[in-house]
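A closer look at the structure
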Amino acid sequence: MVLRTETPPAVTCVDKELNGYVGFANLPNQVFRKSVKRGFEFTLMVVGATGLGKSTLINSLFLSSIYEDEKYPAAGTPNKTVKVQNSTVYLVEGGVSLKLTLVDTPGFGDAINNTKCWKPILEYIDSKYEEYLNAEGHVNRSTVVDNRVHCCLYFISPGHGLKPLDIEFMKQLHEKVNIVPVIGKADTLTPEECVEFKANVMKEIENNDIKIYQFPVDEFDEEEEAQDLQAQLPFAVVGSNTMLDINGKKLRGRMYPWGIAEVENPDHCDFIFLRNLLIRTHMQDLKDVTNNVLYENFRCNKLAAVTSVSLDSKLASSNRNPLAQFEIEKKEHQERLKNMKAGMEKVMEEKVKEKMTKMEEQKNELKLKHDQALKHLEKMKKEIETKRAELRDAQKAFDELQLASGVTVNNSTSSLNSTKDKISGKKTKSTKKLF
């Protein structure tokens, strides 16, 4: 008996010409209207040492005072730790709304010891991936907010090449976020120095296998334009919010004794290329790479780790008999109870110790106040005794003075009376002689 297997006919796709207007060509317009109504989200992180013009560049990119004038700390007082700060602004242009979240990292590279100063930044990026992963597991996924970092502008100090901190930072984060290297304060370099510095930076990035953002090329993009943008990396930028009036023409730039550095002049800096990349041409691609590549890698690693742990536990439990498994689970349960009891006792001891310390402090404080009150009363008692003695002395002196003044008055009174008696006696005698 011979069995025959028949292969199914191949499916062929044939382009058909339409005889009239159907309507599905309007799908892009539907997507456009829905997207405009919903709005767009974009999260941009800026990392770099203090004084490289990060805030000024962000304000220049979005033509808005997103970063207000800040009071920087005095010289000699750098931040000891890296802090991750985010701020959200809502921008509207031509009826299209954009929720822009800016993530700043003040203190990066400012400390004397910068060992693992990128750890808070890495933890922040992972936490946003974790939040998005947890939100996807909820029942209602229509309200998932995308706070993942879509792009990281890493500012490089002008010089001769990358510092060890620059290399280590990009190696730690190049698989977590789209890194776009930027040379800050590019107006401090001559054109020749800028070209040489760019070449050195790209060479070191390639030698250290650092993955920076790669410009996509597809059937709708021009390959020549992508190559031009790729050739400009790292972008040497100058930021300024000052409007200058040059021969009746308004432009943004910085005025120096030797001339003017125009922000939007491609011959002076790469600001135009960076703005086109972030806003006009590749913002959606940055979000797509974050979602389809970087986030998927994080998600796969996270789920793989959970799956491997559960599989190991299942395999280990399947090789035991039920009684042994029961004894093991009983011991684990008793161990958990023991740990919980020890933890509760430790917490109780800490609370009692804290309460006793607080009571001891209050007791010492009351004793100190009591001693101060006793000293104050003793002092007042001495002052009263002193005033009482002074009053007694004054009373005694007054009595003596009054006594002395009384004797004098009596003597003068008696002398006056004797004088009056003599005068009256003489008048009597003269009267008698007349009659």
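Residues numbered from 1 in each chain as written. Predicted model: local features only at pLDDT ≥ 70, side-chain atom pairs only at ≥ 80, totals over all residues. Heavy atoms only, no water.

1. What to know about the nonpolar core
Counting 70 residues, the largest nonpolar core has Leu44, Met45, Leu153, Phe169, Leu173, Val180 and Leu274 as the members making the most contacts within it. Examining the composition of this core, we find that seven residues originate from one element, helix 3 (residues 119-136), more than from any other. (Core = buried A, V, L, I, M, F, W, Y, C linked by side-chain atoms within 4.5 Å. Buried < 20%, exposed > 50% of the residue type's maximum accessible area, 1.4 Å probe, protein only. Helix = DSSP H or I, 4+ residues; strand = E, 2+ residues; numbered from the N terminus.)

2. Some points on the sheet that holds strand 3 (residues 96-104)
Spatially, six strands are ordered 2-3-1-4-5-6 in an open sheet, and the strand pairing comes out mixed. With partners counted over all chains shown, the strands left at the sheet margins are strand 2 (85-93) and strand 6 (235-236), one partner each. In this structure, strand 5 (residues 179-183) lies alongside strand 6, joined through two bridges in parallel fashion. The residue bridging Val182 from the neighbouring strand is Phe235, located in strand 6. On top of the sheet, helix 4 (residues 164-173) reaches strand 1 (40-47), strand 4 (151-156) and strand 5; it is set at about 170° to strand 4, its chief contact. (Pairing = 2+ DSSP bridges. Contact = heavy atoms within 4.5 Å. Axes fitted to C-alpha atoms, helices over the stretch in contact; angles between N-to-C directions.)

3. Details of the packing of helix 2 (residues 54-62) against helix 7 (residues 271-281)
In the contact formed by helix 2 and helix 7, the axes pass within 10 Å of each other and the chain directions differ by 70°. Taken together, helix 2 and helix 7 sit at an angle that is classed as roughly perpendicular. Classified by chirality, the crossing of helix 7 by helix 2 is right-handed. Residues Leu57, Ser60, Leu61 and Phe62 of helix 2 form the contact with helix 7, whose own contacting residues are Phe271, Leu274, Arg275, Leu278 and Ile279. For the contact of helix 2 with helix 7, the class distribution of residues is seven nonpolar, one polar and one charged. (Parallel < 35°, antiparallel > 145°, perpendicular 65-115°, else oblique. Left-handed = near helix turned anticlockwise from the far one by under 90°. Nonpolar A, V, L, I, M, F, W, Y, C, P; charged D, E, K, R; others polar.)

4. With respect to helix 4
Restricting attention to buried positions, one finds in helix 4 the residues Asp166, Ile167, Phe169, Met170 and Leu173. Seen end-on, helix 4 carries its buried residues on one side only, within an arc spanning 165°. Summarising the contacts, the buried residues of helix 4 are in contact with strand 1, helix 3, strand 4, strand 5 and helix 5 (191-207). (Arc of directions from axis to C-beta.)

5. Remarks on the confidence of the model for the protein
Regions with low pLDDT should not have their predicted coordinates read in detail. Confidence in the prediction of the protein, expressed as mean pLDDT, is 80, and 79% of residues score 70 or more. Here residues 70-80 is modelled with pLDDT under 50, and outside its nearest four sequence neighbours on either side it reaches eight contacts, counting other chains as well. (pLDDT = per-residue confidence, 0-100.)

6. A few points about unusual backbone geometry
In this model, Leu233 is joined to Pro234 through a cis peptide bond whose omega is -15°. With respect to the helices and strands, the residue Pro234 is situated in the loop between helix 6 (223-231) and strand 6. One non-glycine residue with positive phi stands out, namely Lys116, at about 55°. Position of Lys116 relative to the elements: it lies in the loop between strand 3 and helix 3. With phi around 55°, Asp209 is a residue other than glycine that occupies positive phi space. With respect to the helices and strands, Asp209 occurs in the loop between helix 5 and helix 6. On the accessibility criterion, Asp209 (58% relative accessible area) is exposed.

7. A short note on the sheet that holds strand 7 (residues 243-246)
An order of 7-8-9 is seen for the three strands of this open sheet, with the pairing classed as antiparallel. Because the sheet does not close on itself, it has two edges, and the strands there are strand 7 and strand 9 (259-262). The mean angle between the axes of side-by-side strands here comes to 70°, regardless of whether they run parallel or antiparallel. Direction of pairing for strand 7 relative to strand 8 (residues 249-256): antiparallel, over a ladder of four bridges. Opposite Asp245, over in strand 8, you have Lys250 as the bridge partner.

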